[in-house]
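Spelled out, the chains give:
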Amino acid sequence: MARSPIPRNTFVLVRIEKDLLRLVGSPLSVSEAERLARDIDSLPRDVVARVLAWTEIFARLHAELGAGFVRAVVAIAKATHMEGYEAWARRAAEAFDHRGLGAALSVVNDPDGFVAEYRARARGCDFDSCRRRLGMWLAGLGAPSLRLAKGPRAVTDTERLWLPSAFQSLPKPEDNYRLYQALAVFLWSQVRYQTWSRARVMDLLRQQDLDLAVNRFLALETARLFQALTHDFPAVARAIHHLAIEVDGHDEWLTAPERFGLREPPPDAERSLVVACSLTGAMVLPQTPCFRGAADLALLRERLFSVEAARRQRISVSGEHPSEDQGAASAAGRRAPRPGAAAGTQSGDANSTSRRPSRLEVELHGANRRPAPARPGVGLEAHTDPSTPDRVPTSTTGGQRYDPSARAGSGVSTAGYDRVGADEEVEFVPEWDHERQCYRDDYCTVRILPGAEGDSLFVRDTLERHRGTVKSIKRRFEALIGAPTVDRHQEDGEEVDVDAMVEAHADRMAGLGFPEHLYRRRVDHARSIAALFLVDMSGSTRGWVNQAEREALILLCESFSLLGDTYAIYGFSGRTHKRCEVFRIKAFADRYDDAVKRRIAGIAPKGYTRLGAPIRCLSRRLAAVPARHRLLVTISDGKPEDYRSYSGTYGIEDTRQALTESRRNGIHAFCITIDEDGGDYLPRMYGPANFVVLDDVMQLPYKLAEVYRRLTS
Amino acid sequence: MQDSSQLIISEPPYYRSVADEVEVFERSYRLGLPMLLKGPTGCGKTRFVEYMSHRLGRPLITVSCHDDLTTSDLVGRFLVRGEETVWSDGPLTRAVRMGAICYLDEVVEARKDTTVVIHPLCDDRRLLPIEKLGEYLQAPPEFGLVISYNPGYQSILKELKPSTRQRFVALSFNYPEPVLEAEVIAREASCSIEFAEDLVRFAGLTRNLKGNGLDEGASTRLLVHAAKLVASGTPIMRACQSAIAEALTDDPEVIAAVEDLAAAVFGQCAD
């Protein structure tokens, strides 16, 4: 962006020179300071102020750093059209923070390197800026649903897709984005058209010359996949072909089949492998096209083996509840995202993951538990529509606060909570036993404690990575801030309602009485919403899920300030009914400050998912908030499950009952989950329209805010 | 004031049934049961009501609900004409009197204290109380009440009360199967069936983005708009951009993603 330089002003020039000498000191001679002052003076005024501010920052860190900065900043500012010097300064500052003076000096003493990189980036496309668009494009093409991530090489493990951090080889950003598209869709097609299976990966690994075998296999697969794309997405195939000609200057990869003596590409990946591995003798393979990416067999093997392990767990017919160690592991395995659904249908294939009926799964983990017979007047029908509150026994106790003296000797376990910290609370809440059709009073011991604090850099990195999404969310939230409206036909108000007056006049002439509702009142639609976000911190959220949860909460909180809604964030985990833990990340009364941000960053996977107890405990808090509308949003990665018997129907029914109790208190409950089987049990717990299942956990940062916007608009 | 003959749909509206919705509607109508139509925007709910009105030979009166709608707007009010006051029936009252089908579109947009006026019409009483006239209007057998809305996942601030929704027989609508949807588009926009099929494919890709950048994918209505633009000479990608991408969202990244999907079907330089 061109800006006109400020007119020369001797006074300003002298002042700049004096400032430089004062700030930087001895590394600058008077004559050099004079020359640099003239250079800086030629910059726009707002830039001059920023340059001097940065000079002071660097000079405080080290005089040489200040001098190096001020010597190079003008050249960088001019070379980057006044846009890049801030990024350069930030990079130098971060280098100092993380790696010390030497690293920072390397940055400031290499302005040419930065300018070259900046120019390359300006014409290039980087992963962070196009990730969302690319992800949506792939999602639109359909299954499989792959998570996108940045990596040194373009590879896939059939669940995730790694792409390089930037492309700059083509002249324009849009051209470099097409390169991303081509790579992404080709790797996606490897999953969609089933290039990889556990057996094939193992067969490749057994080859004597592994590299040769892989290259031959991929050469044939490239042709086969291109043919499949041509059939299903002809325009996409044409675009890839065109790009390959543009970038590589050839399309000889199309000739792979004939080099192997085939008239056309193999019909499936198995055939590609057989042909690739059976060919003896030397042959010239076609050059690799720009869109093919690489293959990481170790990564594939690890992923495909874990999928197989999870599949075996699901069809286990032992009927016994897994032991503690197995439970958490099997829960993690069961919830491990599987490869794209479209890819999972090869018979006998290790990555075949056809859906299991949920009833079978529930029974397997319910220790042969049968549903209790319906009590008179309370049949199953009464339970099928969670939108209509069920009968809630009035004799429930619960919400008892912990009093060691009262509980001593009562037989109720305190589970080691005799020492309750100053900022902790302990409560006893009931649990619904669907077989007994009654509550187990004060059955669960819930400990409410502050969440652990994490690294504040996580917040900064999240905002940087998702800056586009934050802007989008804020824009959408702004639309929720209602403009004042006017209520008509009011008994009193600031203005006369002319329509009501006319109608009243007509009614009076017709012999009716003169009504009183003749005014209009301006109503400021301040939102009166209280929301509580309940975050699953069970062990199965380790990894991507945990990261997505934290990022989602950061993005949501950053945008909440626009709305003025009252909100709280709690995490939950635990093990058995004696140790239910609720972690206070942000209470209703807390401001969204650095401490809250650190607690969000500190959300970490822990134990199990006994959901009923935290819902009961926190619903009371939410019900006490003065607001017209109250919302409870649960972010979870799976169904309720805890060590020893809290699983299957029991866990689902207790959670459902807890949610029914909340609804009776005027709380609207909603669930966001990444459990692909969520559709099997969430309707029963939350109702048919009160949950959403995400295909990709990395959608969560955007989806959480979007769900909130939809629910409260 | 219009008489009932002016409100009868004389030309048969084009509608292709997807299941037994026509039979369910007819039976419910003959039993005097009101209907609730649920489905995403642009999937054919209004067209279905028009079709059924024509098929049953009844006039159709449509009310687009909004949060300023009052009971008087629905039932009627006194008007002053010269020195006299004259009662003017609202659309609901007119529909009852003439035995028409009254269609309240997007009923959740109306205030709840307004929609309760339909309750006596929706149960076995089939009565419309007109308080200002001191009259209770008995609905004739020919009268039918239809309401519609788009459930999605409902805002907690706008919900259909259980006491309202549980008075209705409900039909869920969705976009037709691809073959049928293509036929509808080709017929409505007078375009080739091949192009209509490509549009339906494109719509399918956008519907994969529901909940992932888009509130809803492209509706059949938007596809018809795009097809009409193309039939009138607009380049395909431009038509997809204006009639579909820009209509679906204001988010620039999502618009770009939807345009990428259009290119995935039609090619980048399609014209």
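Scoring rules and cut-offs
- Residue numbers run consecutively from 1 along every chain, following the written order of its sequence.
- For this description, chains carry letters from A and ligands carry numbers from 1, given in the order in which they are written.
- Two thresholds apply to this predicted model, a pLDDT of at least 70 for residue-level local features and 80 or more for giving and counting side-chain atom pairs, whereas whole-chain, interface and lining totals are computed over all residues.
- For the side-chain quantities, the full set of heavy atoms in the structure was used; hydrogens and water were omitted.
- We count a stretch as a helix when DSSP gives it H or I for four or more residues in a row; a strand needs E for two or more, and each element gets its number in order from the N terminus.
- The span you would expect from a helix comes to 1.5 Å times its residue count less one.
- Buried, partly exposed and exposed residues are distinguished by accessible area as a fraction of the type maximum, computed with a 1.4 Å probe on protein chains only: under 20%, between the cut-offs, and over 50%, respectively.
- We treat two strands as partners when DSSP finds at least two bridges between them.
- For helices, the fitted axis covers only the stretch in contact; all axes are lines through C-alpha atoms, and the angles between them, taken along N-to-C directions, range from 0 to 180 degrees.
- The contact criterion used is simple: two residues touch if any of their non-hydrogen atoms lie within 4.5 Å.
- Here the quantity called buried area is the accessible surface, traced with a 1.4 Å probe, that two parts lose on coming together, added over both.
- One speaks of a salt bridge when a side-chain nitrogen belonging to Lys or Arg is within 4 Å of a carboxyl oxygen belonging to Asp or Glu.
- Polar contacts, as counted here, are pairs of nitrogen or oxygen atoms within 3.5 Å of one another; within protein the pair requires one atom able to donate a hydrogen and one able to accept it, and residues that are adjacent in sequence qualify only if both atoms are side-chain atoms.
- Residue polarity is assigned by list, with Asp, Glu, Lys and Arg as charged and Ala, Val, Leu, Ile, Met, Phe, Trp, Tyr, Cys and Pro as nonpolar; anything else, Gly included, falls into the polar class.
- Two cysteine sulfurs form a disulfide in these notes if their separation is within 2.5 Å.
- On a scale of 0 to 100, pLDDT captures the predictor's confidence in every residue.

**Description of helix α25 (residues 648-664) of chain A**
All names here are of chain A. Compared with the 24 Å implied by 1.5 Å per residue over 17 residues, the 25 Å span of α25 between its first and last C-alpha is a close match. Burial analysis of α25 places 15 of its 17 residues in the buried class, the great majority of the element. Looking one or two residues beyond α25, the residue adopting positive phi is G666, at roughly 80°.

**Considering the sheet that holds strand β8 (residues 144-149) of chain B**
Residue and element names in this part refer to chain B. Across the sheet, which stays open at both edges, the five strands sit in the order β2-β5-β8-β1-β9 with parallel pairing between neighbours. Unpaired on one side and paired on the other, β2 (60-64) and β9 (169-172) mark the two borders of the sheet. In this sheet, neighbouring strand axes are inclined to one another by 20° on average, regardless of whether the strands run parallel or antiparallel. Both β2 and strand β5 (residues 101-105) contribute to a ladder of five bridges, which runs parallel. Bridge assignment links T62 to a residue of β5, and that residue is Y103. The sheet strands contacting helix α3 (residues 45-56) are β1 (35-38), β2, β5, β8 and β9, and the helix crosses β5 at an angle near 175°.

**Quick word on the environment of G42 of chain B**
Residue and element names in this part refer to chain B. Tracing the sequence through the fold places G42 in the loop between β1 and α3. The exposure class assigned to G42 is buried, which follows from its relative accessible area of 12%. Considering only alpha carbons, one finds G42 and L222, 180 residues apart in sequence, at a separation of 7.4 Å. Those residues in contact with G42 that lie beyond four places of it in its chain are Y175, S219, T220 and R221.

**Details of unusual backbone geometry**
All names here are of chain B. Although it is not a glycine, R126 sits at a positive phi angle of roughly 50°. Here R126 lies in the loop between α7 (119-122) and β6 (127-130). A positive phi is found at S190, a non-glycine position, where the angle reads about 55°. For S190, the position within the fold is in the loop between α9 (178-189) and α10 (193-207).

**Thoughts on the interface of chain A and chain B**
The interface of chain A with chain B comprises 46 residues on the first partner and 40 residues on the second. Across the chain A to chain B interface the summed buried area is about 3800 Å²; carbon plus sulfur atoms make up 52%. Counting the contacts that link chain A with chain B gives six salt bridges. As a salt-bridge pair, R132 of chain A and E253 of chain B come within 2.7 Å of each other at their nearest N and O atoms. Along the contact surface separating chain A from chain B lie eleven residue pairs in polar contact (both at pLDDT 80 or more). For the side of chain A that touches chain B, the element with the most residues is helix α8 (residues 127-141) of chain A, which contributes eight residues. Here the side of chain A that touches chain B is built from residues that sort into 20 nonpolar, 13 polar and 13 charged.

**As for the state of the cysteines**
Residues and elements named next belong to chain A. Taken as a whole, this structure holds zero disulfides over all chains when the rule is applied. We note that C580 lacks a disulfide partner, and the nearest cysteine sulfur, in C444, lies 4.4 Å from it. In this structure C580 comes out as buried when scored by relative accessible area, which is 2%.

**Some remarks on the confidence of the model for chain A**
Summarising the model, chain A shows a mean pLDDT of 79, and 82% of its residues fall at 70 or more. Within the model, pLDDT remains below 50 along residues 317-417 of chain A, and this stretch shows 194 contacts once partners closer than five positions in the same chain are excluded.

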